[in-house]
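Chain residues, written in single-letter form:
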Amino acid sequence: MRTVNEVSKLTGVSVRTLHHYDAIGLLKPTTVSEAGYRLYDDTALERLQQILLFRELEFPLKEIKSILDSPNFDRCKALEQQIALLTLKKEHLEKLINLACEIKTIGVNKMDFTAFDTSKIDQYAAEAKASYGHTMEYREFEEKTKRRTNEETQEINEQMIALFAEFGKICDKSPKSEDVQAQVKKLQEFITENFYACSDEVLYGLGKMYVDDERFTANIDKAGGESTASFVFEAIKTYCGK
């Protein structure tokens, strides 16, 4: 058994974070000593490894808890995804190192920005998240949509497009303006009502997808005009305090 301080030193996770994980039920100590000390066994440390794995895949803590507590959790699948993502990040860092070395050698006239592109990493992380269909949000989405008729689905999709068209009409304003922030709130409430609970964290993830996924970008820009998707993301970042 290890105390919370020993686990913190071993893993690099702060004591404060471990206390938070305990408070939200994500990582409970194996037992608590008579003196009130949290104690963790190897099984708890294995769960902590999985938590850190999913944090690398950019999963919110609430979703991580839902996945790890699911009887269908596939540890091997999660490990494969972690290896793939770390490999992509390693390649990204190697490109940055090579670029820095070239600049050092030939000067700042090396006008190559491809090394800064993280789209492959972002896309893989998004696909990894989508593969966990047993998350709370996905279950809620399925529950809300399974009884809808084609006409109802079409109507909701048109309402969603109309929301982005409204964003396009106010693109000349600051993303921080009251009108734009009110439109973000409207979008968040619409998603919650028609799809799944859209917390600020979920909303931010959607906003990032709007600019990272070319399909979403194209559809949003088609509804609201050129650069609407990036404008929406900037507004969402302000709304979520990012």
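Residues numbered from 1 in each chain as written. Predicted model: local features only at pLDDT ≥ 70, side-chain atom pairs only at ≥ 80, totals over all residues. Heavy atoms only, no water.

1. Remarks on the overall build of the protein
Part 1 of the argument: Across its full length, the protein holds 12 helices and 3 strands.
Part 2 of the argument: Dimensions of the protein, computed from C-alpha atoms along their principal axes, come out at roughly 60 × 60 × 35 Å.
Part 3 of the argument: Each of the 242 residues in the protein was classed as buried or not, and the buried ones make up 34%.
Part 4 of the argument: Of all intrachain contacts in the protein linking residues separated by at least 6 positions in sequence, the fraction that spans at least 24 positions is 61%.
Part 5 of the argument: For the protein, the computed accessible surface area is about 14,800 Å², with 53% contributed by carbon and sulfur atoms.
Part 6 of the argument: Taking the 33 positively charged and 41 negatively charged side chains of the protein as two groups, their mean positions are separated by 4 Å. (Helix = DSSP H or I, 4+ residues; strand = E, 2+ residues; numbered from the N terminus. Buried < 20%, exposed > 50% of the residue type's maximum accessible area, 1.4 Å probe, protein only. Contact = heavy atoms within 4.5 Å. Areas by Shrake-Rupley, 256 points an atom, 1.4 Å probe, with all protein chains shown as cover. Lys, Arg positive; Asp, Glu negative; His and termini not counted. Charge placed at Lys NZ, Arg CZ, Asp CG, Glu CD.)

2. A few points about the packing of helix α8 (residues 150-169) against helix α9 (residues 178-194)
Part 1 of the argument: Axis separation between α8 and α9 bottoms out at 10 Å; the angle between their running directions is 170°. Our classification of the angle between α8 and α9 gives roughly antiparallel. Judged by the sense of rotation from one axis to the other, the crossing of α8 with α9 is left-handed. Contact with α8, carried on its side by Ile-156, Gln-159, Met-160, Leu-163, Phe-164, Glu-166 and Phe-167, involves Val-180, Gln-183, Val-184, Lys-186, Leu-187, Phe-190, Ile-191 and Asn-194 of α9 and no other residues of that element. (Axes fitted to C-alpha atoms, helices over the stretch in contact; angles between N-to-C directions. Parallel < 35°, antiparallel > 145°, perpendicular 65-115°, else oblique. Left-handed = near helix turned anticlockwise from the far one by under 90°.)

3. A look at the packing of aromatic side chains
Part 1 of the argument: Under the criterion given, the structure shown has 5 aromatic pairs.
Part 2 of the argument: Through successive ring pairs, a cluster of aromatic residues spans Phe-164, Phe-167, Tyr-210 and Phe-216. (Phe/Tyr/Trp six-rings, centres within 6.5 Å; stacked < 30°, edge-to-face > 60°.)

4. Observations regarding a negative patch on the surface
Part 1 of the argument: Among the surface-exposed residues, Glu-151, Glu-152, Glu-155 and Glu-158 lie close enough to one another that they form a single negatively charged patch.
Part 2 of the argument: Residue position: Glu-155 is located in helix α8.
Part 3 of the argument: The partly exposed category is assigned to Glu-155, whose relative accessible area is 45%. (Patch = residues over 30% accessible without salt bridge, like charges linked within 9 Å, V, L, I, M, F, W, Y side chains within 5 Å. Salt bridge = Lys/Arg side-chain N within 4 Å of Asp/Glu carboxyl O.)

5. A short note on helix α1 (residues 4-11)
Part 1 of the argument: Inspection of α1 places Val-4, Val-7 and Ser-8 among the buried residues, and these make up the whole buried set. Projection of α1 onto a plane perpendicular to its axis shows the buried side chains occupying an angular sector of 100°, all on one side. For α1, the exposed residues lying more than 90 degrees away from the buried face are Lys-9 and Leu-10.
Part 2 of the argument: Tucked inside the fold, the buried residues of α1 contact β1 (2-3), α2 (15-23), β3 (38-40) and α3 (42-56).
Part 3 of the argument: The positive-phi residue at the C-terminal boundary of α1 is Gly-12, with phi of around 85°. (Arc of directions from axis to C-beta.)

6. Notes on the pattern of salt bridges
Part 1 of the argument: For the coordinates displayed, the defined rule picks out 12 salt bridges.
Part 2 of the argument: As a salt-bridge pair, Lys-65 and Asp-69 come within 3.1 Å of each other at their nearest N and O atoms.
Part 3 of the argument: On the accessibility criterion, Lys-65 (29% relative accessible area) is partly exposed.
Part 4 of the argument: Overlapping salt bridges, with partners in common, bring together Asp-22, Lys-28 and Arg-38 in one network.

7. Overview of the sheet that holds β3
Hydrogen bonding along the main chain pairs the strands of a sheet, whether they run parallel or antiparallel.
Part 1 of the argument: The strand order across the open sheet formed by 3 strands is β1-β3-β2, and the pairing between neighbours is antiparallel. Of all the strands in the sheet, the pair left with one neighbour each is β1 and β2 (31-32).
Part 2 of the argument: Here β2 pairs with β3 via 2 bridges, running antiparallel. In the sheet register, Thr-31 faces β3, and the bridge partner there is Leu-39. (Pairing = 2+ DSSP bridges.)

8. Observations concerning the packing of α3 against helix α4 (residues 61-68)
Part 1 of the argument: Between α3 and α4, whose axes approach to 10 Å, the crossing angle comes to 130°. Overall, the two elements α3 and α4 adopt an arrangement that is oblique. Seen from above, α3 lies across α4 with right-handed handedness. Facing α3, whose interface residues are Arg-47, Gln-50, Ile-51, Phe-54 and Arg-55, α4 presents Leu-61, Ile-64, Ile-67 and Leu-68.
Part 2 of the argument: For the contact of α3 with α4, the class distribution of residues is 6 nonpolar, 1 polar and 2 charged. (Nonpolar A, V, L, I, M, F, W, Y, C, P; charged D, E, K, R; others polar.)

By themselves, these are just geometric observations and shouldn't be taken as functional.
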